[in-house]
Amino acid sequence: MGAPEPPRRPRNRTTIAVVAAATAVVLAAGATGFLVLRGNDGDTEQDAKPAAKASSKASPDTDDPDRSASNGGGSGPLIPGWKTVVNAKKGVTFDVPASWARQSPDWVSYVAEDDDPDEKPLVAMMAPAVLEEKWCSSDDDKDGTQEDTPLASTGTTGNRSAESTADAAESTAKKWVYGAYTQPDRTHLDLGKAEPYRTKAGVEGSLATVTSSGAPKQGKCDSDGKATTFAFENAQGDFVSWTLIGVHGVPDEVSDATVAKILSTVRLFKEGDGRQQDGDGRQ
């Protein structure tokens, strides 16, 4: 007989749940309750199921050089002072500013329909980096538990069902903004069309941006959102995408210049590149 399911709590639609896929144990689920992604590696199609509360909690991959090395490889940052994020399973590497907190390689962030009892992900990203994890905190349902909303997150998604890089980019960006910021409303989405893009490392694919504006707000931390998604083929020929998702239309919003700078560093992971490095050259 399986472990009893924990009590379910109302979701703050702007909360992105975080779980550990590799160990099938919940790490931190915020407002969504305790969840697990069985076998999920950042692909949109995988299911999420309720699970019992974990007795242990893994730490984010931050500035600890030994913990950074656990990401399994990847070249040092292309931008001095930044940190390298590696998703070896999807074959993707990119850099983020030093202020972003890297999660472990097996952490998955996702959004689901608020009324879905099974919490099936609309879209998910693996091995994310997060900016200001507690940008806004609230207890809108008055249950005594503060729910944290991050300012922004960035990571990698598998797009196995996509028909093209353009399809993957547009669909992924739309699902992030809808799932995290506007649901159940679909009328306040500005759906950008995918355009060709090439990173500094020569990775070619499609780039799409989706924003929301004026969506109905129900809680203290609700806001409009913005997602920038770059979809391409990894070394195995699979469609994958990099996304930066965050709040939109507030003074703290991640600037377009910073989004573009992070995006420019997206590159294919190469086995044997060595231990992950930070901008100061530590391994």
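Residues numbered from 1 in each chain as written. Predicted model: local features only at pLDDT ≥ 70, side-chain atom pairs only at ≥ 80, totals over all residues. Heavy atoms only, no water.

A. Expanded view of helix 3 (residues 256-264). Taken as a whole, helix 3 has its buried residues at V259, I262, L263 and S264. Against the buried residues of helix 3 lie strand 6 (92-96), strand 14 (195-198), strand 15 (204-212), strand 16 (224-233) and strand 17 (239-248). (Buried < 20%, exposed > 50% of the residue type's maximum accessible area, 1.4 Å probe, protein only. Helix = DSSP H or I, 4+ residues; strand = E, 2+ residues; numbered from the N terminus. Contact = heavy atoms within 4.5 Å.)

B. Spatial organisation of the pairing of strand 6. Extensive coverage of strand 6 is indicated by the burial of five of its five residues. Across five bridges, strand 5 (residues 83-87) lies against strand 6 in antiparallel orientation. Along strand 6, the bridge assignment pairs N87 with V92. The hairpin formed by strand 5 and strand 6 contains four residues between the paired strands, and G91 there has a positive phi angle of roughly 75°. Here strand 6 runs beside strand 18 (residues 267-268); their pairing, made up of two bridges, is antiparallel. When the bridges of strand 18 are listed, V92 appears paired with L268. (Pairing = 2+ DSSP bridges.)

C. Structural context of the packing of aromatic side chains. Within this structure, the stated rule accounts for three aromatic pairs. Judged by centre distance (6.4 Å) and plane angle (75°), the ring pair of F94 and W242 falls under edge-to-face. Note that F94 is positioned in strand 6 and W242 in strand 17, a separation of 148 residues in sequence. Exposure class is identical for F94 and W242. Each is buried. With a centroid separation of 4.9 Å and 25° between ring planes, the pair formed by F230 and F232 is classed as stacked. Each member of the pair, F230 together with F232, is buried. (Phe/Tyr/Trp six-rings, centres within 6.5 Å; stacked < 30°, edge-to-face > 60°.)

D. Seen up close, the nonpolar core. If you look at the biggest cluster of nonpolar residues, it comprises 38 residues, and the most contacted ones within it are F94, W100, F230, W242, I262 and V266. Put simply, the parts of the chain that give this core at least two residues each are strand 6, strand 9 (121-131), helix 2 (165-182), strand 15, strand 16, strand 17 and helix 3. Considering every element that reaches this core, the biggest residue donor is helix 2, with six residues. In contact with F94, not counting residues within four places along its chain, are K83, T84, V85, T154, G155, T156, W242, I262, T265, V266 and R267. One finds V108, Y110, A112 and A127 within the second-largest nonpolar core, a separate group that totals six residues. (Core = buried A, V, L, I, M, F, W, Y, C linked by side-chain atoms within 4.5 Å.)

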